[in-house]
Amino acid sequence: GPPLVTGSPSGEVVDYDASGKEVWRKTVGDQPWGCVGLASGHRLVGMYSSQKVVEFDAQGNQVWEKNGLPGGPFGFERLDNGNTLIACSDGGKVLEIDPEGKTVWEYSNTGRPTDARRLSNGNTLVALQNSGNVLEVDSAGKTVWEITGLSSPFCCQRLEDGNTLITLLGEGKVIEVAPDKSRVWTKEGLGSPYFAQRLMNGNTLIASDGGAMEIDREGKEVSKYPMSNCSRAHRF
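Keep in mind that this is a model prediction, so the values were computed, not measured.

S.K.: Is there a simple way to think about the environment of Leu169 in this case?
M.R.: Topologically, Leu169 is positioned in the loop between strand E17 (164-168) and strand E18 (173-177). When the C-alpha positions of Leu169 and Val134 are compared, they lie 13 Å apart, and in sequence the two are 35 residues distant. Once residues lying within four places of it in the same chain are set aside, the contact partners of Leu169 are Gln129, Ser151, Ser152, Phe154, Gly191, Ser192, Pro193 and Tyr194.

Here you go:
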């Protein structure tokens, strides 16, 4: 599927098809730091400055929103149960919100949660930018796995083999760590890597200050979507 790219200061969200042609664009303002393409063809966009997550349909009409979040949303996802998991950065909370906007689960941590992913085992993976760790917590909020001492981790993804993909803003790197916390793969020299997504083909999609790009396992660039200060890119 196509990458969906958000440019934060420009306030725009752009969707490209597989050939790199622009197929959808929406100017939303409000510092859209995050975006997720849904299987329905809808798009979830997080507005950092107005502290809300908005869902647009394929025509660009707003069909859902959750406002009044305790902090600007960076990382979020629509769960299989229809709820939305949101990392509320400065608010120090990760919230699971149902379609009516009610909080059904929450995890609190003052380390500045910038990304959150629900795992297949029901636990939640959280990146804490300011405290420099990525941790997996169970439904009671207890930490069951943790990697510490990271330099401004901003985004995290648990891979099918059990490894974890993490962007390090402080080092300009994307790293992949094994369950024993050893680094098994690194891409360096990225400026500000805000986001990374391991794709089905084994390549990695990275959003950074120069735009979005797809790289292979050797670190070679396969495709590029230039944009100043690209905060998120998501293939769906």
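S.K.: Could you clarify how one ought to interpret the side chain of Asp216 in this entry?
M.R.: Locating Asp216 in the fold gives a position in the loop between strand E22 (211-215) and strand E23 (221-226). A polar contact of 3.0 Å, which involves the side chain of Asp216, links it to the backbone nitrogen of Glu218. If we ignore the near neighbours within four places in the chain, the residues touching Asp216 are Trp185, Asn203 and Val222.

S.K.: Can you walk me through unusual backbone geometry in this structure?
M.R.: Negative phi values dominate among residues other than glycine, just as trans dominates among peptide bonds. In this structure, Gln31 takes a positive phi of about 50° despite not being glycine. Looking at where Gln31 falls in the secondary structure, it is placed in the loop between strand E3 (22-27) and strand E4 (32-37). You will see that Gln51, though not glycine, has its phi angle at about 50°, which is positive. Looking at where Gln51 falls in the secondary structure, it is placed in the loop between strand E5 (43-47) and strand E6 (52-56). Here Gln51 falls in the partly exposed class, since its relative accessible area comes to 30%.

S.K.: Just to check I follow, could you spell out the sheet that holds E17 for this structure?
M.R.: Pairing is antiparallel in the open sheet, where four strands are placed in the order E16-E17-E18-E19. Taken across any chain shown, the strands that pair with only one partner, and hence form the sheet edges, are strand E16 (153-158) and strand E19 (183-187). Neighbour to neighbour, the strand axes of the sheet diverge by 20° on average, direction disregarded. As paired strands, E18 and E19 are joined by four bridges and run antiparallel to one another. By the bridge assignment, Ile175 is partnered in E19 with Thr186.

S.K.: I'm lost on the pattern of salt bridges in this one. Help?
M.R.: Working definition: two side chains of opposite charge can pair if their charged atoms are close together. Inspection of every chain in the model, using the stated rule, returns 15 salt bridges. Across the pair Arg78 and Glu55 runs a salt bridge whose closest N-O atoms are separated by 2.9 Å. With Arg78 in strand E8 (residues 76-78) and Glu55 in strand E6, this residue pair connects regions lying 23 residues apart in the sequence. Judged by relative accessible area, which is 9%, Glu55 ranks as buried. A salt bridge links Lys93 to Glu106, with the nearest nitrogen and oxygen atoms 3.0 Å apart. Of this pair, Lys93 sits in strand E10 (residues 93-97) while Glu106 sits in strand E11 (residues 103-108); the two residues are 13 residues apart in sequence, bridging distant segments of the chain. By relative accessible area, Glu106 is classed as partly exposed at 42%. Within the structure, one salt-bridge network assembled from shared partners comprises Glu12, Glu22 and Arg25.

S.K.: Mind showing me how you'd approach the packing of aromatic side chains here?
M.R.: Between two aromatic rings, the relevant description is the distance of the centres plus the angle of the planes. As enumerated under the stated definition, the model contains seven aromatic pairs in all. Note on Trp33 and Tyr194: the rings are 4.9 Å apart at their centroids and 80° apart in plane angle, and the pair reads as edge-to-face. Taken as a pair, Trp33 in strand E4 and Tyr194 in the loop between E19 and strand E20 (195-198) lie far apart in primary sequence, 161 residues in all. Taken as a pair, Trp33 and Tyr194 share a single burial class, namely buried. With a centroid separation of 5.8 Å and 65° between ring planes, the pair formed by Phe154 and Tyr194 is classed as edge-to-face. Highlighted residues: Phe154 in strand E16 and Tyr194 in the loop between E19 and E20, separated in sequence by 40 residues. The exposure classification of Phe154 matches that of Tyr194, with both residues buried. Put simply, the rings of Trp33, Tyr48, Phe74, Phe154 and Tyr194 touch in pairs and so form one group of aromatic residues. Sitting above the plane of the Trp24 ring, Arg43 keeps its charged end 4.3 Å from the centroid. The ring of Trp105 is capped by Arg118, whose NZ or CZ atom sits 5.1 Å from the centre of that ring.

Rules used throughout
- Residues numbered from 1 in each chain as written.
- Predicted model: local features only at pLDDT ≥ 70, side-chain atom pairs only at ≥ 80, totals over all residues.
- Heavy atoms only, no water.
- Helix = DSSP H or I, 4+ residues; strand = E, 2+ residues; numbered from the N terminus.
- Contact = heavy atoms within 4.5 Å.
- Polar contact = N/O pair within 3.5 Å; in protein donor to acceptor, adjacent residues only side chain to side chain.
- Buried < 20%, exposed > 50% of the residue type's maximum accessible area, 1.4 Å probe, protein only.
- Pairing = 2+ DSSP bridges.
- Axes fitted to C-alpha atoms, helices over the stretch in contact; angles between N-to-C directions.
- Salt bridge = Lys/Arg side-chain N within 4 Å of Asp/Glu carboxyl O.
- Phe/Tyr/Trp six-rings, centres within 6.5 Å; stacked < 30°, edge-to-face > 60°.
- Lys NZ or Arg CZ within 6 Å of the ring centre and 35° of its normal.

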